[in-house]
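One-letter residues, chain by chain:
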Amino acid sequence: MSITALEMNLLRRQNLGDSLRRSALAAPNKPAIIYYTTDGASRSVTYAELNRRANAVAHNLLQRGIAKGDKVAALSRNSIEFLVLGYALHKIGAWLVPINFMLQPPDVQHLIDFSETKWFFVEDALLGNVAPVLDKLTGVQQFVQFGPSPSRPAGWMSFDELLPGPTHDPEVLIESDDVATLLFTSGTESAPKGVLSTHANYYAAHLGWSMNIGYSKDDRFLVSIPLIHMAAYLFCTLCLTHQITIVMTQSPQPVQMIELIERHRITATALPPTLYVAMIACPNFKTCDLSSASKFVSWASTIPKAMIDGWKQVAPHLRFYSGQGMSETTAAPQTVGSIGSWDEMPNGDGRWVGWPAAYCIELRLVDDEDKDVPIGTAGEQIVRGPAVMKGYYKNEETNQRVFRGGWFHTGDVMFRDAEGNHFFADRKKDMIKSGGENVYCQEVESVLGTHPAVMQCAVFGLPDERWGEAVAAAVIARAGSTVTEAELIEYCRERLAGFKTPKRIFFRTSMPISAANKLLKRELKAEYAKALQA
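The present account deals with the structure reproduced in this document. Given the structure is predicted, the values throughout are model-derived calculations rather than measurements. (Residues numbered from 1 in each chain as written. Predicted model: local features only at pLDDT ≥ 70, side-chain atom pairs only at ≥ 80, totals over all residues. Heavy atoms only, no water.)

## Description of the overall build of the protein
Along the backbone of the protein there are 14 helices and 26 strands. Taking 534 residues into account, the globule formula puts the C-alpha radius of gyration at 24 Å, and the protein, at 23 Å, falls close to it. Dimensions of the protein, computed from C-alpha atoms along their principal axes, come out at roughly 75 × 55 × 50 Å. For the protein, buried positions account for 61% of its 534 residues. Taking the intrachain contacts of the protein between residues at least 6 apart in sequence as the baseline, contacts between residues at least 24 apart amount to 68%. Of the roughly 20,900 Å² of accessible surface on the protein, 51% is carried by carbon and sulfur atoms. One way to put it: in the protein the 52 positive side-chain charges average out to a point 2 Å from where the 56 negative ones average out. (Helix = DSSP H or I, 4+ residues; strand = E, 2+ residues; numbered from the N terminus. Rg over C-alpha atoms; globule rule 2.2 N^0.38 Å. Buried < 20%, exposed > 50% of the residue type's maximum accessible area, 1.4 Å probe, protein only. Contact = heavy atoms within 4.5 Å. Areas by Shrake-Rupley, 256 points an atom, 1.4 Å probe, with all protein chains shown as cover. Lys, Arg positive; Asp, Glu negative; His and termini not counted. Charge placed at Lys NZ, Arg CZ, Asp CG, Glu CD.)

Set out below in structure tokens:
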């Protein structure tokens with residue numbers, strides 16, 4: 001009797017759904033997810049329960065016409081149901097399409113239409129994001145509501161209706177290079193682009209983080225950033241492959257996150273600096289026992305000295321892993337390195353993102369002609385390896401441009417020193433042109449962020465008649481400190497070239513951030529440009 005194509009496929013493929021089944025077989029009674037809502041209510045699910053629920057939903061979707069390659073969207077904050085849906089889709093080869101819940105209804109409509117979504121899952125508390133355009137979403141065949149609300153729009157299903165049914169794994173021929181997720185980039189510089197990530201991409205990213213940090217099944221991982229973004233989804237799938245218990249919050253609330261680190265003896269998490277800084281400012285930061293913290297990943301922005309110093313006081317064994325990654329490389333580590341105190345920070349420069357990571361990404365720094373730049377010279381980071389996305393959805397022109405020469409052109413500018421340390425300079429689009437000179441925002445932030453009165457800062461360009469663009473900065477001061485604009489400008493002038501020194505500094509109590517807690521510099525630029533024109 002000959003072996004079938006399906007049997008050969010099941011024999012050796014890489015599939016996210018298969019990884020959950022294996023974890024459920026190995027650790028059936030271990031908590032997979034311990035979940036907390038914003039008001040503190042909690043519930044949990046074991047690995048066996050999570051796998052059974054995902055299988056039941058998968059069978060129900062198949063019976064209702066969802067097939068391999070179909071797109072299924074979800075607009076929701078973090079929840080167990082979000083991951084149940086994701087794994088159900090992975091098991092049948094359909095695409096998970098997370099939608100940013102901070103988008104306005106017309107933007108939601110655009111992404112649903114653009115992605116050709118067949119089924120759309122929406123959290124009950126977020127119906128307002130959809131209601132104004134509901135009658136225009138004519139391509140959606142079925143709407144499903146997440147959440148406990150007993151009422152829902154006419155014709156909508158409840159997610160619970162998909163839970164009764166067979167709990168064995170469905171068997172669908174799914175290739176390792178088939179798409180698992182269509183995630184839209186955060187759009188902090190421009191309109192979101194649809195990133196096509198395969199099952200093999202996720203496997204490569206999992207292995208990359210595991211090899212470079214050394215996660216184990218004994219870790220306890222806090223997930224608070226939204227699952228609608230690549231980093232959160234990647235780290236969840238990594239944990240569920242590793243048999244790690246995830247402690248998940250519905251949304252990132254710093255006070256609650258601190259409480260959960262103490263309650264569950266959290267060892268690991270992955271957050272942008274904005275949230276680590278926000279936790280330091282919380283009243284319970286120094287009263288809770290945070291000594292279990294050992295492996296915290298940081299990305300997306302310059303690391304301020306205040307962040308490292310603050311956490312060192314409460315978590316003596318903590319190492320911060322500074323890394324460089326992006327949605328287009330499945331949030332895999334392109335570079336990574338760790339420090340236990342600011343004294344270990346290479347060159348005292350918060351732009352440091354470690355060294356080239358093992359396994360999943362190969363990188364070069366190149367000029368505008370794709371020629372390698374010498375040590376100490378800034379160049380665009382280009383990469384290749386098994387974690388690089390399949391491409392941008394319905395955007396062949398951009399794919400041809402960013403994949404030219406067999407390398408993915410990231411748009412990130414970095415430089416390296418003679419010891420192999422890599423430093424993030426800027427996004428190409430964020431670079432300031434002042435008086436004919438290029439100013440990298442993160443270089444200025446790395447200096448400003450070392451001032452003892454600065455908790456957080458963001459540097460950006462403002463229109464200027466003389467210079468074209470003038471360097472400006474928004475600053476959140478440390479609690480209890482007093483500092484003036486003139487003092488900070490002088491501090492920078494002593495450490496930077498004149499054209500890099502901020503011309504204006506604006507003090508604030510908070511920064512505009514995206515759903516992924518990334519700084520939105522475009523909003524700062526718009527706000528202060530408008531104020532200066534008034």
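## Here we look at the packing of aromatic side chains
The full count for this structure, using the stated rule, is 24 aromatic pairs. An angle of 15 degrees between the planes, with centres 4.9 Å apart, marks the rings of Phe143 and Trp156 as stacked. Taken as a pair, Phe143 in strand E6 (residues 142–146) and Trp156 in the loop between E6 and strand E7 (157–158) lie far apart in primary sequence, 13 residues in all. A single burial state applies to Phe143 and to Trp156, both of which are buried. Between Phe460 and Tyr528, the ring centres sit 5.9 Å apart and the planes meet at 10 degrees, which makes this aromatic pair stacked. One end of the pair, Phe460, is in strand E24 (residues 454–464); the other, Tyr528, is in helix H14 (residues 521–533), and 68 residues separate them in sequence. Judged by its relative accessible area of 1%, Phe460 is buried. We classify Tyr528 as buried; its relative accessible area is 9%. Among the aromatic residues, those joined into a ring-pair cluster are Tyr276, Phe285, Phe296, Trp311 and Phe320. Cation over ring: Arg364 sits above Trp407, and NZ or CZ is 5.0 Å from the ring centre. (Phe/Tyr/Trp six-rings, centres within 6.5 Å; stacked < 30°, edge-to-face > 60°. Lys NZ or Arg CZ within 6 Å of the ring centre and 35° of its normal.)

## Structural notes on unusual backbone geometry
Trans is the prevailing form of peptide bonds, just as negative phi is the prevailing case for residues other than glycine. One non-glycine residue, Arg265, lies in the positive phi region at around 50 degrees. Assignment of secondary structure puts Arg265 in the loop between helix H8 (254–264) and strand E12 (268–271). Even without a glycine there, the phi angle at Tyr359 is positive, about 85 degrees. Mapping Tyr359 onto the fold places it in the loop between strand E16 (355–356) and strand E17 (362–366).

## Re helix H2 (residues 16–26)
Within the span of H2, buried status applies to Leu16, Gly17, Asp18, Ser19, Leu20, Ser23 and Ala24. Where the residues of H2 are buried, they touch helix H3 (47–63), helix H4 (80–92), strand E8 (179–184), helix H6 (199–213) and helix H7 (230–242). Sitting at the amino-terminal end of H2 is Asn15, which places a side-chain oxygen 2.7 Å from the backbone nitrogen of Gly17. (Polar contact = N/O pair within 3.5 Å; in protein donor to acceptor, adjacent residues only side chain to side chain.)

## Some thoughts on the sheet that holds strand E13 (residues 295–298)
Strand order across the open sheet formed by nine strands is E2-E1-E11-E10-E12-E13-E14-E15-E16, with mixed pairing between neighbours. Strands with a single pairing partner mark the edges of an open sheet, and in this sheet they are strand E2 (42–46) and E16. With two bridges joining them, strand E15 (residues 335–339) and E16 adopt antiparallel strand pairing. Note that in E16 the partner of Thr335 across the bridge is Pro356. Against the sheet, H6 engages E13, strand E14 (319–324) and E15, with an angle of about 125 degrees to E13. Each of E12, E13 and E14 touches helix H9 (residues 273–280); the most contacted strand, E12, lies at about 115 degrees to it. (Pairing = 2+ DSSP bridges. Axes fitted to C-alpha atoms, helices over the stretch in contact; angles between N-to-C directions.)

## Here we look at the state of the cysteines
For the coordinates displayed, the defined rule picks out zero disulfides. Just so you know, Cys282 is unpaired, no disulfide at all, and the nearest cysteine sulfur is the one on Cys288, 9.7 Å from it. Cys282 sits in the buried class, given a relative accessible area of 12%. (Disulfide = S-S within 2.5 Å.)

## Structural notes on the pairing of strand E1 (residues 31–36)
The buried fraction of E1 amounts to five of the six residues, a majority that puts the element mostly inside the structure. When E1 meets E2, the two strands line up antiparallel, connected through five bridges. Within E2, the position partnered with Ile33 by the bridge is Val45. The hairpin formed by E1 and E2 contains five residues between the paired strands, and Gly40 there has a positive phi angle of roughly 95 degrees. Two strands pair when backbone bridges link them, and E1 and strand E11 (residues 245–249) are joined in this way by four bridges, in the parallel orientation. The residue of E11 that forms the bridge with Ile33 is Ile246.

## Considering the sheet that holds strand E21 (residues 422–427)
A sheet is described by the order of its strands in space; here four strands give the open sequence E17-E18-E20-E21, paired in antiparallel fashion. This sheet does not close on itself; its edge strands, each paired only once, are E17 and E21. Across the sheet, the axes of successive neighbouring strands diverge by a mean angle of 45 degrees, strand direction being ignored.

## A closer look at the packing of H2 against H6
Contact geometry for H2 and H6: axes closest at 9 Å, N-to-C directions at 50 degrees. Taken together, H2 and H6 sit at an angle that is classed as oblique. Packed against H2, whose contacting residues are Leu16, Asp18, Ser19 and Arg22, the element H6 presents His199, Tyr202, Tyr203 and His206 at the interface. Classifying every residue of the contact of H2 with H6 by side-chain character gives three nonpolar, three polar and two charged. (Parallel < 35°, antiparallel > 145°, perpendicular 65-115°, else oblique. Nonpolar A, V, L, I, M, F, W, Y, C, P; charged D, E, K, R; others polar.)

## Quick look at the nonpolar core
Ranked by internal contacts, the top residues of the largest apolar core, which has 154 residues, are Ile99, Phe120, Phe121 and Trp311. At ten residues, H7 tops the list of elements feeding residues into this core. Beyond its immediate stretch of four places on either side in the chain, Phe121 contacts Leu61, Val72, Ala73, Ala74, Leu75, Leu85, Val144, Phe146, Phe159 and Leu162. One finds Val439, Cys441, Val459 and Ile505 within the second-largest nonpolar core, a separate group that totals 20 residues. (Core = buried A, V, L, I, M, F, W, Y, C linked by side-chain atoms within 4.5 Å.)

Honestly, it's all geometry; don't read function into it.
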